[in-house]
2 protein chains.
Amino acid sequence: MSITYREVKADILRQITQGELAPGSSMPNEVDLAASYGCARATVNRAMRELADDGIIERRRKAGTRVRLNPIRQVRLNIPIVGQEIEELGAAYRYALVHGQAEPAPNWLRARMALKRDDRVLHLTCMHYADGAPYQHEDRWINLGALPEAEQHDFSDIGPNEWLVSTVPFTEAQISFHAVQADATIADYLDCTEGDALFQAERMTWLEGQTITFVQLTYRRGHRLTMQY
Amino acid sequence: MSITYREVKADILRQITQGELAPGSSMPNEVDLAASYGCARATVNRAMRELADDGIIERRRKAGTRVRLNPIRQVRLNIPIVGQEIEELGAAYRYALVHGQAEPAPNWLRARMALKRDDRVLHLTCMHYADGAPYQHEDRWINLGALPEAEQHDFSDIGPNEWLVSTVPFTEAQISFHAVQADATIADYLDCTEGDALFQAERMTWLEGQTITFVQLTYRRGHRLTMQY
DNA sequence: TTTCTCAAAAGATATAGACATAAGGCGTAA
DNA sequence: TTACGCCTTATGTCTATATCTTTTGAGAAA
């Protein structure tokens, strides 16, 4: 076969990284590139589309294609389920339900999850262990108005995250990362000192506009979220 | 025109989210789908390829395509330059170089950056302010073996990040996020209390296998990194 | 039974050609 | 001069067809 779109992509990328195509400079159009590579325009198109997608080049109809002045640095972050995360570390995973209770939503949570005045929530507290050591503390609230079957479910053996993923797999979500100081309770669960800096993720999940669940995931001391790009 | 790949993608996604196609179930092959949508195979292929890329479905030659049991949750995280990040918040950005000095690399850094025994580094400490308030503390080391011109450069006015991005734009990098306790120095710079939990990013950057720079970015108290998916 | 080989199946990609769409730029009219 | 509108151009997408590659499963051989 002739030249592949990967080869075209690699060659263009090489030209850019080696400075043959300067940042900000504009590139030949697809027809000319196809001619010079001796391939079809669709092949060049795919290569260029992926480069644009990677934030390396910028494309506009009629205006043409140019090398980005400041390439967009982006990473893909996989949001793992904690059990898988731990097993990928090569450690044994253990889950424990600490506390589970249906209750009226407290005010701060009502505001945060945009619940109605008399909506009830299922409040779950769980622990996740890696090789027997505390790994993550999970504080979760599930909107029983949106997901009443959660109240009947027994979370002793499988975690709420896994249950939710298999029950309402295709949701919208917002995730945020930040640092918190361990309070006495968390310090106790995670076997650290009160006041320690801990990495925390918060996630809110919607299904068709309805808030399903809000969760705070507090990681053990020293946890890092690492990515390549 | 006929049906677009976006419409095909949207329709398949709808079938999956609405439960017409159950997780784990296998889908018709491209030829059949193209026939049923009344479009070319390439159109279906693009729709399916993007769905696979989004982690919704799983494709294997010969085995066919199936809906993922556990859809991969992934987000794209843009790594912004701090100046842009602050200006996007609608705040005024100010930069200050606190300290800059070329020195032999300390042992811990030599190990971390994989430097040779007598490599020298440029150690820079900078502050980034949003509307006059401390936003981010930057502690950076640049490998002078790989980038000797850094020693001559004056970092008083533009930050090392911006300079690096414009000098060596296309690099490989590893980024990691975690929580740290503010020590006395950092607390002073970021105007917080010693012991406060702070969000910190560490980034190491390579160009063609050579370590270029290592940086610790410590954010002001309460900083959050937020993403939708 | 187990292992190896090979053919078929399904996705992956290339091609040539066509039309669609967005937007820059020029010409014309106010 | 300015504003509007058309024309051109570059990218975006679709079609129809063909070939390539990977993987699986069946059948042959050990």
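This one's a predicted model, so the numbers in the text were calculated from it and none came from an experiment. (Residues numbered from 1 in each chain as written. Chains lettered and ligands numbered in written order. Predicted model: local features only at pLDDT ≥ 70, side-chain atom pairs only at ≥ 80, totals over all residues. Heavy atoms only, no water.)

Before going further, it helps to examine the domain arrangement of chain A. Here chain A is partitioned into domain 1 (5-67) and domain 2 (82-219). Measuring from the centre of the C-alpha atoms in domain 1 of chain A to the corresponding centre in domain 2 of chain A gives 45 Å. (Domains from an automatic or database assignment.)

As a further point, take the packing of aromatic side chains. All chains considered together, the criterion is met by 15 aromatic pairs over all chains. The interplanar angle of 90° and the centroid separation of 5.3 Å between the aromatic rings of A:Phe155 and A:Trp163 together place this pair among those described as edge-to-face. Their ring planes at 75° and their centres at 6.4 Å tell us that B:Trp108 and B:Phe214 sit as a pair that is edge-to-face. Within this pair, whereas B:Trp108 is found in helix H5 (residues 107-113), its partner B:Phe214 is found in strand E9 (residues 210-219), the two being separated by 106 residues in sequence. The class of B:Trp108 is partly exposed, set by a relative accessible area of 41%. Residue B:Phe214 is classed as buried on the basis of its relative accessible area, which comes to 1%. The rings of A:Tyr135, A:Phe177, A:Phe199, A:Tyr219, B:Tyr135, B:Phe177, B:Phe199 and B:Tyr219 are connected pair by pair, giving a single aromatic cluster. A cation over an aromatic ring shows up here: A:Arg46 above the ring of A:Tyr5, its NZ or CZ 4.0 Å from the ring centre. Geometry around A:Tyr129 places A:Arg94 over its ring, the cationic atom sitting 4.4 Å from the centre. (Phe/Tyr/Trp six-rings, centres within 6.5 Å; stacked < 30°, edge-to-face > 60°. Helix = DSSP H or I, 4+ residues; strand = E, 2+ residues; numbered from the N terminus. Buried < 20%, exposed > 50% of the residue type's maximum accessible area, 1.4 Å probe, protein only. Lys NZ or Arg CZ within 6 Å of the ring centre and 35° of its normal.)

With that settled, the discussion passes to the protein's contact with DNA strand D. Not every one of the 26 residues close to DNA strand D is listed here, only the nearest: A:Arg41, A:Arg59, B:Thr4, B:Tyr5 and B:Thr43. Sugar and phosphate atoms form 75% of the subset of DNA strand D atoms that lie within 4 Å of the protein. Contact distances for DNA strand D include 2.9 Å between a sugar or linking oxygen and a side-chain N or O atom of A:Arg61. Counting only elements with at least two residues in the surface near DNA strand D, the list comes to helix H3 (41-53), strand E1 (57-60) and strand E2 (64-67) of chain A together with helix H1 (5-17) and helix H3 (41-53) of chain B. (Near = heavy atom within 4 Å. Polar contact = N/O pair within 3.5 Å; in protein donor to acceptor, adjacent residues only side chain to side chain.)

Next up on the list: the protein's contact with DNA strand C. Taken together, 26 residues surround DNA strand C, and among them A:Thr4, A:Tyr5, A:Ala40, A:Thr43 and B:Arg59 come closest. Restricting the count to atoms of DNA strand C within 4 Å of the protein gives a sugar and phosphate share of 76%. A:Arg60 places a side-chain nitrogen or oxygen 3.0 Å from a phosphate oxygen of DNA strand C. Of all the secondary-structure elements, those providing two or more residues to the surface near DNA strand C are helix H1 (5-17) and H3 of chain A together with H3, strand E1 (57-60) and strand E2 (64-67) of chain B.

All right, on to H3(A) then. For the α-helix, the turn length of 3.6 residues means that residues three or four positions removed from each other point alike. Residues and elements named next belong to chain A. Its 13 residues place the ends of H3 18 Å apart at the C-alpha level, agreeing with the 18 Å of an ideal helix rising 1.5 Å per residue. Listing the buried residues of H3 in full gives Thr43, Val44, Ala47, Met48 and Leu51. Buried residues of H3, seen end-on, are gathered within an arc of 125° and therefore sit on one face of the element. Contacts from the buried residues of H3 go to H1, helix H2 (30-37), E1 and E2. At the C-terminal side of H3, Gly55 shows a positive phi close to 80°. (Expected span 1.5 Å × (residues − 1). Arc of directions from axis to C-beta. Contact = heavy atoms within 4.5 Å.)

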